[in-house]
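# Fold and geometry: a report
Here is what each chain is made of, one letter per residue.
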Amino acid sequence: MNTKFNLMQLLANPFIIAAFCLSPAYADDKQKEKYERESFSAITNETYKQECGACHFNYQPGLLASASWEKLINTLPFHFDEDVSIDEKSVNEIEKYLIENSAENSSSKRARNILHRLKGQVSLRISETPYIKEKHHELNSSVFDRPSIGSRSNCIACHTTAEQGDYDDDNVKIPK
């Protein structure tokens with residue numbers, strides 16, 4: 001029996017191809033796999049959500065390296081010209097969460113890209129990391145001054161699925 005011939009017959013069978021390649025389950029798995037690779041994990045720490053989200057968008061920890069998160073936490077009394085007062089227990093919990101889920105510890109492809117382009121530098125602003133700057137290089141800086149956006153740090157103004165950790169270009173709508 002010719003194994004090569006039998007394999008060719010099997011691959012030529014339209015039912016086999018349809019069952020494998022066109023199956024909704026297969027397509028869903030591929031889409032899920034792509035989403036998981038590209039996107040960041042959902043934010044799961046309630047203290048982080050409440051304390052940090054009270055003033056701004058809850059950035060996914062994978063958007064910065066652990067050294068950046070450590071520096072941000074250690075400079076909370078001067079957090080971008082604001083005095084952020086959070087009790088020590090909450091600060092410790094938030095710091096632990098951010099570091100455990102930082103770019104070094106994320107499975108996201110975007111996190112790996114962020115980390116790779118940092119080349120060891122400690123960036124305090126996500127919008128100033130080389131990867132994020134590169135992704136936004138085509139935008140005129142005046143876009144960020146629009147009242148509907150306000151600043152480069154307002155990710156959710158344009159990235160409609162940012163809260164879910166998805167920054168895919170397909171989900172970007174730049175407001176007027």
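The rules behind these values
- Within each chain, residue numbers correspond to sequence positions counted from 1 in written order.
- Only residues with pLDDT of 70 or above have their local features reported here, since the model is predicted, and side-chain atom pairs are shown and tallied only from 80 upward, although totals for entire chains, interfaces and linings are computed over all residues.
- With hydrogens and water excluded, all non-hydrogen atoms of the structure serve as input to the side-chain values.
- Numbered from the N terminus, helices here are DSSP runs of H or I no shorter than four residues, and strands are runs of E no shorter than two.
- Relative accessible area decides the class of each residue, using a 1.4 Å probe on protein chains only: under 20% of the type maximum gives buried, over 50% gives exposed, and in between gives partly exposed.
- Contact between two residues is taken to exist if any of their heavy atoms lie within 4.5 Å; hydrogens are not considered.
- Only the protein chains shown count as covering a residue, and every accessible area follows the Shrake-Rupley method with a 1.4 Å probe.
- Salt bridge, as used here, is a side-chain nitrogen of Lys or Arg placed within 4 Å of a carboxyl oxygen of Asp or Glu.
- By nonpolar core is meant a set of buried Ala, Val, Leu, Ile, Met, Phe, Trp, Tyr and Cys residues that side-chain atoms within 4.5 Å join together.
- pLDDT is a residue-level measure of predictor confidence that goes from 0 to 100.
- Ring geometry is summarised as follows: Phe, Tyr and Trp rings, the Trp one being its six-membered ring, pair when their centres sit within 6.5 Å, and such pairs are stacked at plane angles under 30 degrees, edge-to-face over 60 and tilted between the two.

A count of helical and extended segments in the protein chain gives eight helices and zero strands. Across the protein chain, helices and strands are ordered from the amino to the carboxyl terminus as α-α-α-α-α-α-α-α. Classification of the 176 residues of the protein chain by burial places 34% in the buried group. Counting only contacts in the protein chain whose residues sit at least 6 apart along the sequence, the fraction spanning at least 24 positions is 57%. For the protein chain, the exposed surface amounts to about 11600 Å²; the carbon and sulfur share of it is 53%.

For the rest of this paragraph, the subject is the pattern of salt bridges. Applying the stated rule across the entire model yields four salt bridges. A salt bridge links Glu 46 to Lys 49, with the nearest nitrogen and oxygen atoms 3.3 Å apart. Of this pair, Glu 46 and Lys 49 both sit in helix 4 (residues 46-53), separated by three residues, roughly a single helical turn. When its relative accessible area of 45% is taken as the criterion, Glu 46 is described as partly exposed. The residue Glu 134 makes a salt bridge to Arg 117 at a minimum N-O spacing of 3.1 Å. Of this pair, Glu 134 sits in helix 8 (residues 130-135) while Arg 117 sits in helix 7 (residues 109-118), placing them 17 residues apart in sequence. On the basis of relative accessibility, which here comes to 40%, the residue Glu 134 falls in the partly exposed class. Assessed through its relative accessible area of 25%, Arg 117 is described here as partly exposed.

Of all hydrophobic cores here, the largest spans 28 residues; its most connected members are Tyr 48 and Tyr 59. Residue assignment for this core shows that the elements contributing at least two residues are helix 4, helix 5 (66-74), helix 6 (88-100), helix 7 and helix 8. Ranked by residues supplied to this core, first place goes to helix 6 with four residues. Setting aside residues up to four positions removed in sequence, Tyr 48 forms contacts with Ile 43, Gly 53, Asn 58, Tyr 59, Trp 69, Ile 94, Tyr 97 and Leu 98. Counting five residues, the second-largest nonpolar core is a separate cluster that includes Val 143, Phe 144, Ala 157 and Cys 158.

In this section: the environment of Pro 61. Structurally, Pro 61 is set in the loop between helix 4 and helix 5. A sequence separation of 36 residues divides Pro 61 from Tyr 97, and the C-alpha atoms of the two residues are 8.0 Å apart. Discounting chain neighbours no more than four positions away, the residues touching Pro 61 are Ile 43, Trp 69, Tyr 97, Leu 98, Asn 101, Ser 102 and Ala 103.

Looking at the protein chain, the pLDDT average stands at 86 and 79% of residues meet or exceed 70. Within the protein chain, helix 6 carries the highest mean pLDDT (98), whereas helix 2 (residues 14-21) carries the lowest (48). Taken together, the stretch residues 16-27 has pLDDT below 50 and engages in six contacts with residues farther than four places along the chain or on a different chain. Scored below 50 in pLDDT, residues 32-36 makes three contacts in the model with residues more than four places away or belonging to other chains.

Another aspect to go through is the packing of aromatic side chains. Throughout the structure, instances matching the rule amount to three aromatic pairs. Between Tyr 48 and Tyr 97, the aromatic rings sit 5.7 Å apart at their centres with planes inclined by 40 degrees, giving tilted as the arrangement. A residue pair is termed long-range when its members are at least 10 positions apart, and Tyr 48 in helix 4 and Tyr 97 in helix 6 qualify at 49 residues. Here Tyr 48 and Tyr 97 have matching classes, each one buried. With a centroid separation of 5.2 Å and an interplanar angle of 90 degrees, the aromatic rings of Phe 57 and Tyr 59 are classed as edge-to-face. For the pair Phe 57 and Tyr 59, one class covers both residues: buried.

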